[in-house]
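# Fold and geometry: a report
Given next are the chains, with one letter for each unit.
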Amino acid sequence: MKFIKENWSAILFTILVHAVVLALFAVNINFNRTITKPAKTPIVQAQVINGAAIDAEVKRQEKLEQDKLDAEMKRQKDLEDKALQAQKQREAEEKRLAVLEEQRKKQEAEDKKRQQELAEKEKQAKLEAQKKADAEKKKLAELEKKRKAEETRLENIKKEQAETKKKAAEEEAKRLAAAAAKKKAEEEAKIKAEAEAKKKAEELAAKKKKEAEAKRLAEEAEAKRLKAEQDRLLAEMAGEENFNEAVNSGAMNRYILAISQTIERNWRKPPSAPENLKCILNVKQLPGGDVAQLSFGTCNADDVTKDSIEQAVFKASPLPEPEDPSLFARDLEVIFEPES
Amino acid sequence: MKSTKFNVFKIVLLSLAFGLVNAMSAAKLIIPITDSVDEASPIAVIPFEYVGTNAAPYDFAEVIAADLQSSGEFDPMSRADMVVQPGDSAIFNYSDWRLLGADVVVTGKYFETSPGQYNLVMDAYDTVRTKKIITYSLPVNSQNLRASAHHLSDVIYEKLTGVKGVFSTRVAYINVVGGFNNKTYELIVSDVDGENQAVVARSRAPLMSPAWSPDGRQIAYVSFESDNSEIFIQDLSTGSRRSVSNKEGINSSPAFSPDGKSLALTMSRGTGNLDVYVMDLVSGRVKRITDSRAIDTEANWSADGQSIFFTSDRAGQPQIYKVSKNGGTAKRVSFVGKYNARPRVSADGKNLAVVHVDQGAYQIALVNHKNGQILNLTDGSLDEAPSVSPNGRIVIYATTRGGKGVLATVAADGRSKPTYLPAEGDVREPAWSPFR
């Protein structure tokens, strides 16, 4: 104690110096360790010397640290949010894809079904078309057969006609020869008579001349009339040629087919129709195809079927017109004979 | 003079030749008609005019149009399309209706003579041939309005198709109502359009196989009310019934002969082997007409009453056979497909409506028993119990929709799609009545 008393000032000085050095040391350490461990600084005494400054520093450090933590946490949170967001988007996308996939599958199934239906329809249509084409072909062939038979019949008529003409010409020649001989005899008799009664003959000649003149005029008129008739017939013949040409080109068959199809489209055969139905209906049509008159020919149908047949033809009116007007036929014989 | 004469001769010849050719071109054209269309015929049934002080008591036109539509052979015009609705035939205008596309127009008028009594006149016009084709008058009373409408439908149908209409006939069938624990079986008779239902018999035990007597007054059916199967014949007007077969084992599939004097039925008689028998309904005497070891059942009489068609699996699979009503050798008549059963003879006797299995689906088909040809009528998967209308034009049968049994009709020529009858409950085994 005595030592302390005697040297108090030196000791105090020494303590002060130590304190300052320690304080400086502490501050220095603080500076060096700010980043690593500010909260664990062991320098408690320094607070005694400059508590406020160190406090501020510590607070600053703490705030920095806190900010950094906050930033880190915010970053973590942002990352999590983003991840969550991404997850949500992925799920939404997956859901959307699933819906799309389902739609696609549904569409695919529908397409397939539609294609199958289309194929089936096409198949049916083809079958139907084939059936119709066959029926048409058959009908055309039948018509062709009928037409050929008619042609043969006409050919025979023409042959007969030529035969008749030849015979008639021969007979006429004979007749003319006989007439010439007779005339010659008459002329000889006439010369003889002239010699005997020339005067009378002259009178007669004058009279005859007058008569002959009148006759010539009459004959000329007749010839003119006949010529006109001939011209008319020739014109008709030209029309006939059109008719034949049209028949040969197939237009007649097409005309017949057009009429029969129009009537068929309008015929509802009733259930009461007999199985072996054959019914002939005579139809008169006007130019333009309007049906004017109907009458039944041979027919084994019941009344209801007859009604249906009449209805069919009236509903089909006006009937189709031919390509070539010369083919128009006023009278039709419509034969109802369904294929069973 | 010579040359002139010769010219004249030539012209005469020429004229002769031309005469021939001209005669040829003026000849009739032959038009062959071999085909027709299958479409339903357009018809307009105009609302009937009512002359009276109160409101019109009934819509005849509506019922008639529905009847005609159901036949599949007519296509009635909707009322909205009837821009002209003449009540009075005096102002009837053919060309208006021709333009509207109706081949036939039906009009009607009725007036009250005393309360609930009416006089009705129906006319029908052919707009194509422009003439009146039907005039029909009918006294009507408030008790028979619907029946009268069906009768008018029959008149129109017969005039236009040449075939008797079936709109006034009836259908018998079995209906099962109630759930698992309170199932009730009903034998019902209704109009062919499903309306006007009447319960003929009701039972907690199964009822089966209704069959009409040829006069339409009685129905034979199978009942399990005594635990064993038993065949009853019931009078429709009195409701009285009698048991005709309750032998040991199975008693089933009754079918009246066309003369009404006999009943074909199936019995096992305690042997476990099903055979077809014919019962004399006066004496009750029974004659066995099949005796194979296989199942022989579902008898139905030929139109002439001399033979019986039935189902037998004697060849391994169910097929249709024909045997004399006196028994003897049975002849197989169905050959197409592995399964043909439950034959019902058509009105003309030529065809049998059957249940035909096609690739695992039970469908209704017609079998021509003379040549064995088959015509498929339906394309369902569980179609059964066909019965042919008395005019032979329609087949009614049972099928399933939404797990429940319903009745459907289809044209006997295979042209139409099925029409389903309205039904409540679980419906099966329709039997079409004869004409009244």
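Residues numbered from 1 in each chain as written. Chains lettered and ligands numbered in written order. Predicted model: local features only at pLDDT ≥ 70, side-chain atom pairs only at ≥ 80, totals over all residues.

## Here's the deal with the overall build of chain B
Along chain B, the regular secondary structure elements total four helices and 31 strands. Residues classed as buried in chain B amount to 42% of the 436 residues present. Pairs at least 24 residues apart make up 42% of the contacts formed inside chain B by residues separated by at least 6 positions. (Helix = DSSP H or I, 4+ residues; strand = E, 2+ residues; numbered from the N terminus. Buried ≥ 20, exposed ≤ 12 C-beta atoms within 10 Å, placed from the backbone. Contact = placed C-beta atoms within 7 Å.)

## Overview of the overall build of chain A
If you tally the helices and strands in chain A, you get six helices and three strands. Written out in order from the N terminus, the α and β elements of chain A read α-α-α-α-α-β-β-α-β. Burial status across chain A gives 10% buried among its 340 residues. Long-range pairs, those at least 24 residues apart, make up 67% of the contacts in chain A with a sequence separation of at least 6.

## A closer look at the sheet that holds strand β27 (residues 384-388) of chain B
Residue and element names in this part refer to chain B. With antiparallel pairing, the four strands of this open sheet are ordered in space as β27-β28-β29-β30. The open sheet has two edge strands, β27 and β30 (419-420), and neither has a second partner. Bridge count for β27 against strand β28 (residues 394-401) is three bridges, and the pairing is antiparallel. Bridging from a neighbouring strand, S387 pairs with I396 of β28. (Pairing = 2+ DSSP bridges.)

## What about the interface of chain B and chain A?
Between chain B and chain A, the residue contacts involve 33 residues of the former and 46 residues of the latter. Contributions of two or more residues to the side of chain B that touches chain A are made by α1 (2-25) and β1 (29-33) of chain B. A per-element tally of the side of chain B that touches chain A places α1 of chain B first, with 14 residues. Here the residues of the side of chain B that touches chain A sort into 18 nonpolar, nine polar and six charged. Here five bridges tie strand β3 (residues 331-336) of chain A to β1 of chain B, and the two strands are oriented parallel to one another. The partner of V334 of chain A across the bridge, within β1 of chain B, is I31 of chain B. (Nonpolar A, V, L, I, M, F, W, Y, C, P; charged D, E, K, R; others polar.)

## Quick notes on the packing of helix α2 (residues 60-70) of chain B against helix α4 (residues 145-161) of chain B
Residues and elements named next belong to chain B. The contact between α2 and α4 brings their axes to 9 Å, and the two run at 50 degrees. Here α2 lies oblique to α4, going by the angle between them. The way α2 lies across α4 gives a crossing that is right-handed. Contact residues: α2 offers F60, V63, I64, D67 and L68, while α4 offers R146, A149, H150, L152, S153, I156 and Y157. (Axes fitted to C-alpha atoms, helices over the stretch in contact; angles between N-to-C directions. Parallel < 35°, antiparallel > 145°, perpendicular 65-115°, else oblique. Left-handed = near helix turned anticlockwise from the far one by under 90°.)

## What about the pairing of strand β23 (residues 340-345) of chain B?
Counting buried positions along β23 of chain B yields six of six residues, so the element is predominantly enclosed. Taking the residues between adjacent antiparallel strands as the criterion, β23 of chain B and strand β24 (residues 351-358) of chain B are bridged by five residues, where G349 of chain B takes a positive phi near 80 degrees.

## A closer look at α4 of chain B
All names here are of chain B. The terminal C-alpha atoms of α4, which comprises 17 residues, lie 24 Å apart, in line with the 24 Å expected from a rise of 1.5 Å per residue. Three or more residues of α4 are buried, namely S148, A149, H150, L152, S153, D154, I156, Y157, L160 and T161. Directly after α4, the chain includes G162, whose backbone phi takes a positive value near 80 degrees. (Expected span 1.5 Å × (residues − 1).)

## Concerning the nonpolar core
Residue and element names in this part refer to chain B. A172, A220, A264, I308 and V395 are the most contacted members of the largest nonpolar core, which totals 73 residues. Of all the elements, β28 adds the most residues to this core, at five residues. When sequence neighbours within four positions are dropped, the list of residues in contact with V395 reads A353, I364, L377, P386, V388, T409, V410 and A412. Of all hydrophobic cores here, the second largest spans 30 residues; its members include I46, F60, W97 and Y125. (Core = buried A, V, L, I, M, F, W, Y, C linked by C-beta atoms within 7 Å.)

## Side note on helix α5 (residues 251-265) of chain A
Spanning 15 residues, α5 of chain A covers 21 Å between terminal C-alpha atoms, matching the ideal 21 Å at 1.5 Å per step. Looking only at α5 of chain A, the buried set comprises M252, Y255, I256, I259, S260, T262, I263 and E264 of chain A.

## Details of the sheet that holds strand β15 (residues 251-256) of chain B
Residue and element names in this part refer to chain B. With respect to topology, four strands assemble into an open sheet ordered β15-β16-β17-β18, the strand pairing being antiparallel. Looking at which strands have only one partner, the edges of the open sheet turn out to be β15 and β18 (286-288). Across the sheet, the mean angle from the axis of one strand to that of its neighbour is 25 degrees, orientation sign disregarded. Strand direction decides the pairing type here: strand β17 (residues 275-280) and β18, joined by three bridges, are antiparallel. Looking across to β18, one finds that M279 is bridged to V286.

## Remarks on unusual backbone geometry
In this chain, S317 of chain A is followed by P318 of chain A through a cis amide linkage whose omega measures -5 degrees. Within the secondary structure, P318 of chain A is located in the loop between α6 (303-316) and β3. The backbone of T130 of chain B sits at a positive phi, close to 45 degrees, despite the residue not being glycine. By the element assignment, T130 of chain B lies in the loop between β6 (117-126) and β7 (131-141). Residue class for T130 of chain B comes out exposed when judged on the 12 C-beta atoms lying within 10 Å of it.

## Structural notes on the environment of V286 of chain B
Residue and element names in this part refer to chain B. Summarising the element assignment, V286 is placed in strand β18. Placed 24 residues apart in sequence, V286 and S262 show a C-alpha to C-alpha distance of 9.5 Å. Once residues lying within four places of it in the same chain are set aside, the contact partners of V286 are Y277 and M279.

## What to know about the pairing of strand β8 (residues 170-177) of chain B
Residues in a regular strand project their side chains so that they alternate between the two faces of the sheet. Residues and elements named next belong to chain B. Of all eight residues in β8, six are buried; the element is thus mostly enclosed. In this sheet, strand β9 (residues 184-191) lies alongside β8 in antiparallel orientation, the contact comprising eight bridges. Across the sheet, residue N175 finds its bridge partner in β9, namely E186. What sits between β8 and β9 in their antiparallel hairpin is a turn of six residues, with G178 showing a positive phi close to 90 degrees. Bridging between β8 and strand β31 (residues 426-432) involves five bridges; their strand directions are antiparallel. If you follow I174 over to β31, its bridge partner there is R428.

## Focus: the environment of M267 of chain B
Residue and element names in this part refer to chain B. Residue placement: M267 occurs in strand β16 (residues 262-267). Between the C-alpha atom of M267 and that of T297, which follows or precedes it by 30 residues, the distance is 8.4 Å. When near neighbours in sequence (up to four residues on either side) are disregarded, M267 contacts S245, K247, G249, I250, N251, D275 and Y277.

## Overview of the confidence of the model for chain B
Residue and element names in this part refer to chain B. Considering every residue of chain B, the mean pLDDT works out to 89; 92% of them sit at 70 or more. Ignoring residues within four places in sequence, the model shows residues 1-6, a span with pLDDT below 50, making two contacts including any to other chains. Across residues 12-25 the pLDDT falls below 50, and counting only partners more than four positions away or on other chains, this stretch makes 12 contacts in the model. Scored as a whole, the predicted complex attains pTM 0.64, and scored at its interfaces, ipTM 0.77. (pLDDT = per-residue confidence, 0-100.)

## Section: the confidence of the model for chain A
Considering every residue of chain A, the mean pLDDT works out to 83; 84% of them sit at 70 or more. Segment residues 31-49 of chain A: pLDDT under 50, and 16 contacts once partners within four positions in sequence are set aside and those in other chains are kept.

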